[in-house]
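# Per-entry structural report
So the chains spell out like this:
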Amino acid sequence: MAIATLMATCAMFLIMGWTAPAFFALAISIGGVVCIASANAGNTSQDLKTGFLVGATPAKQQLALIIGVVVSVIAIGFTLKGMNSALEEFQPASIVMDIHNLPAGVSVDATKFERDRVPITGADGKLNGQDVSVAGMTVVNALNSATVPDGSYFYNPQSGKVEVQWVHGIGSRNAAAPQARLMATVINGILTRKLPWGLILLGVFLVIAVEILGIRSLSFAVGFYIPISTTLAIFCGGLVRWLVDRAAQKAGERTDESDVSPGSLYASGLIAAGGIVGLLGIGVKLLETQGYISPGVLAWGAKIPFLVKADWLSVLMFGFLAASLFYFARKPLEAEKK
């Protein structure tokens, strides 16, 4: 819904000649409103179903939903801001540029950068212990430029070139945002008239073919543009579900999904725990970047020699996690035993 809204909105902007940079932000704002409205609509339908099962009244549910939306906006806003700051990197760069005659797609950032020194990160994503001064430098942003890669940079007026690249946390290798990149590609492509419509039409006909084959096109399309590093875990979860259904069939048990199943409850707990632990990790990283604790002081695993490059341990623990999911999915609930 968000992507379709963006395409329709940007097409109307293009027809009316609204192609200034301000309309890029307006388009994503409109898409965000539609996206949040769709999410709340789905959430409301689930709330009403759950409320009916437990005997709640719709009026009080709507009041709780409004409170939840307000609290979520505040909590998620601060979380995203902290995440963007905690995962940011500063990498060395060397690009000659004339600040008085910037290339197409490059503009000066009006936001004032408050820090005087920044830590430099190497190609491996680790701090190399070097801090450089950015005092007096100008922050410039590059987007769809033919000469400067997309990103934020620190321009040194004394040397006449860009010396440091500012990699924001969200959208970096530490927190890839494929959905955001897809939306940015759609907005920039349509408003700058550089969208490869051949690929868009190819995707349309591919979806039609997928639907004819009886495959859910939405799931297929989402898995198509999300990185394999993300979809592989989803595939492993589906594989465990297939093994559970197969074991249930051999045992002569029902395989249809119930409202409350041990596998669903355990998987929900894993999702919640993953989110909580991830936020704790972001909090630790933010404390490191703000100087409250020393970098790597809590990274106990990095201090054990045989764990530094022990990829086998990660695979082993992932296999243990999959085995535990299979075990608890096959274990009946206490209510089912009775």
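Residues numbered from 1 in each chain as written. Predicted model: local features only at pLDDT ≥ 70, side-chain atom pairs only at ≥ 80, totals over all residues. Heavy atoms only, no water.

### As for the overall build of the protein chain
Across its full length, the protein chain holds 11 helices and seven strands. Dimensions along the principal axes, computed over C-alpha positions, put the protein chain at roughly 80 × 60 × 45 Å. Residues counted as buried form 23% of the 338 residues belonging to the protein chain. For the protein chain, contacts bridging at least 24 residues in sequence account for 61% of all contacts bridging at least 6. Total accessible area on the protein chain stands at roughly 22,800 Å², and carbon and sulfur atoms take up 68% of it. Seen as two clouds, the 24 positive and the 21 negative side-chain charges of the protein chain have centres 4 Å apart. (Helix = DSSP H or I, 4+ residues; strand = E, 2+ residues; numbered from the N terminus. Buried < 20%, exposed > 50% of the residue type's maximum accessible area, 1.4 Å probe, protein only. Contact = heavy atoms within 4.5 Å. Areas by Shrake-Rupley, 256 points an atom, 1.4 Å probe, with all protein chains shown as cover. Lys, Arg positive; Asp, Glu negative; His and termini not counted. Charge placed at Lys NZ, Arg CZ, Asp CG, Glu CD.)

### So, the sheet that holds strand β1 (residues 89-96)
Sheet architecture is open: five strands sit in the order β1-β7-β6-β5-β2, paired in antiparallel fashion. Edge positions in the sheet fall to β1 and β2 (106-108), since each has one partner strand and no second. Direction aside, the axes of adjacent strands within the sheet are offset by 30° on average. Two elements, strand β5 (residues 138-142) and strand β6 (residues 151-156), share five bridges in a ladder whose sense is antiparallel. (Pairing = 2+ DSSP bridges. Axes fitted to C-alpha atoms, helices over the stretch in contact; angles between N-to-C directions.)

### Structural notes on the pattern of salt bridges
Counted by the stated rule, this structure contains two salt bridges. The shortest N-O distance in the salt bridge between R115 and E88 comes to 2.7 Å. Highlighted residues: R115 in the loop between β2 and β3 (117-121) and E88 in the loop between α3 (58-86) and β1, separated in sequence by 27 residues. Here R241 makes a salt bridge to D245, at a shortest N to O gap of 3.2 Å. A residue pair is termed a helical-turn pair when its members lie 3 or 4 positions apart in one helix, as R241 and D245 do in helix α7 (residues 228-250) at four residues. (Salt bridge = Lys/Arg side-chain N within 4 Å of Asp/Glu carboxyl O.)

By themselves, these are just geometric observations and shouldn't be taken as functional.
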